[in-house]
Amino acid sequence: MNAASYVIPLPPQASLPVVGESGRYPVRRIWCVGRNYLEHIREMGNDERAPPFFFAKHADMLVPDGATIPYPPLTKDLHHEVELIVAMKSGGLNIPADKALDHVYGYAVGIDLTRRDLQIASRKKERPWEIGKSFDYSAPCSAVQPAAKIGHPAKGKIWLTVNGKEAQKGDLTELIWNVPEIIWQLSQQVKLAAGDIIMTGTPAGVSQLQPGDKLECGVDGVGTLKVAIGQPE
């Protein structure tokens, strides 16, 4: 169907730039892995023996490299969480771990912005995390690096600075579940498809952000991302 077939204007297609390509990567869904670095589990006081789990953000919550992000409403405790992002080129149900990387288009660097006070309040009431995790501008993301060019990173530094000071530092080798295992587990829950991106978890060092803060983060061999926190809208 064309645009004239709809009763309201079509929403824009969420997408990410691709390094070295004029075309863009269309984003279908954003999946996030909870609790996938041991030290982050410990700093948040959670059960390190529990397996990671999955939650979602909406594709239109993506924010490009270089953006200034309005400080979100309802919170007084906005946190950063730097993550390796996996971009899928195909998918399916019950993808075996040893076939998972065949479905990966590439990788990027992202930040899972979190309204921590709202997330914790929801958890205490046994309610969904959505209010703490899924809000406007909550998914800054770098350009995608095609796996055909960089391979499939399984080691390398992952880091984030706030106003030039190191806040988070880890290594991809510290992932409790690696990328093939994440894809295998998530594909048992939902049918993955081209355009799905997966945020793979964050290392220790998450901290509170304020308007005016400047964030820079990266993953060795994948890329870097810079964003700033602005005043509330």
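This one's a predicted model, so the numbers in the text were calculated from it and none came from an experiment.

### Examining the overall build of the protein
Scanning the protein for helices and strands turns up 5 helices and 18 strands. Taking 17 Å as the expected radius of gyration for a compact globule of 233 residues, we find that the protein reaches 17 Å, a close match to that expectation. With respect to the three principal axes, the spread of C-alpha positions in the protein is 45 × 45 × 35 Å. Out of the 233 residues belonging to the protein, those deemed buried represent 51%. Considering only contacts within the protein whose residues lie at least 6 apart along the sequence, 76% involve residues at least 24 apart. Put simply, the protein shows about 11,300 Å² of open surface, and 53% of that area lies on carbon and sulfur atoms. Charged side chains of the protein number 25 positive and 26 negative; the gap between the two group centres comes to 2 Å.

### Details of a nonpolar patch on the surface
Residues M1, Y6 and L10 make up a contiguous nonpolar surface patch of roughly 370 Å² in combined accessible area. With respect to the element layout, L10 can be found in the segment before β1 (15–17).

### Focus: the sheet that holds strand β10 (residues 114–115)
Strands sit in the order β10-β7-β16 across an open sheet of 3 strands; the sheet is antiparallel. Of all the strands in the sheet, just β10 and β16 (208–209) have a single pairing partner and so form its edges. Taken together, the 2 bridges between strand β7 (residues 78–79) and β16 define a ladder with antiparallel strand orientation. Paired with L78 across the strands is L209, a residue of β16.

### Here we look at the sheet that holds strand β3 (residues 29–34)
If you walk across this open sheet you meet the 6 strands as β4-β3-β15-β8-β9-β12, and the pairing is mixed. Each edge of the sheet is formed by a strand with only one pairing partner; in this case those strands are β4 (53–57) and β12 (145–146).

### Considering the environment of P140
Following the sequence through the fold, P140 ends up in strand β11 (residues 139–140). Among the residues examined, P140 registers a relative accessible area of 0% and is labelled buried. In this structure, the C-alpha to C-alpha distance between P140 and K226, residues 86 residues apart in sequence, is 8.7 Å. Those residues in contact with P140 that sit more than four places away from it in its chain are V63, I69, V109, G110, I111, L113, L225 and V227.

### Notes on the pattern of salt bridges
Going through the model one piece at a time under the given rule, you end up with 6 salt bridges. The salt bridge involving D112 is made with K57; its shortest N-O contact spans 2.8 Å. On the criterion of sequence distance, the pair formed by D112 in the loop between β9 (104–111) and β10 and K57 in strand β4 is long-range, its members being 55 residues apart. Just as D112 is buried, K57 falls in that class too. In this structure, D112 engages K133 in a salt bridge whose closest nitrogen and oxygen atoms are separated by 2.7 Å.

### Regarding the environment of R28
Of note, R28 is situated in the loop between β2 (24–26) and β3. When the C-alpha atoms of R28 and I158 are compared, they prove to be 25 Å apart, with 130 residues separating the residues in sequence. Not counting residues up to four positions away in its chain, the partners in contact with R28 are A59, K191, L192, A193, A194, G195 and D196.

How each quantity is defined
Residues numbered from 1 in each chain as written. Predicted model: local features only at pLDDT ≥ 70, side-chain atom pairs only at ≥ 80, totals over all residues. Heavy atoms only, no water. Helix = DSSP H or I, 4+ residues; strand = E, 2+ residues; numbered from the N terminus. Rg over C-alpha atoms; globule rule 2.2 N^0.38 Å. Buried < 20%, exposed > 50% of the residue type's maximum accessible area, 1.4 Å probe, protein only. Contact = heavy atoms within 4.5 Å. Areas by Shrake-Rupley, 256 points an atom, 1.4 Å probe, with all protein chains shown as cover. Lys, Arg positive; Asp, Glu negative; His and termini not counted. Charge placed at Lys NZ, Arg CZ, Asp CG, Glu CD. Patch = residues over 30% accessible without salt bridge, like charges linked within 9 Å, V, L, I, M, F, W, Y side chains within 5 Å. Salt bridge = Lys/Arg side-chain N within 4 Å of Asp/Glu carboxyl O. Pairing = 2+ DSSP bridges.

Don't take any of this as a statement about function, it's just geometry.
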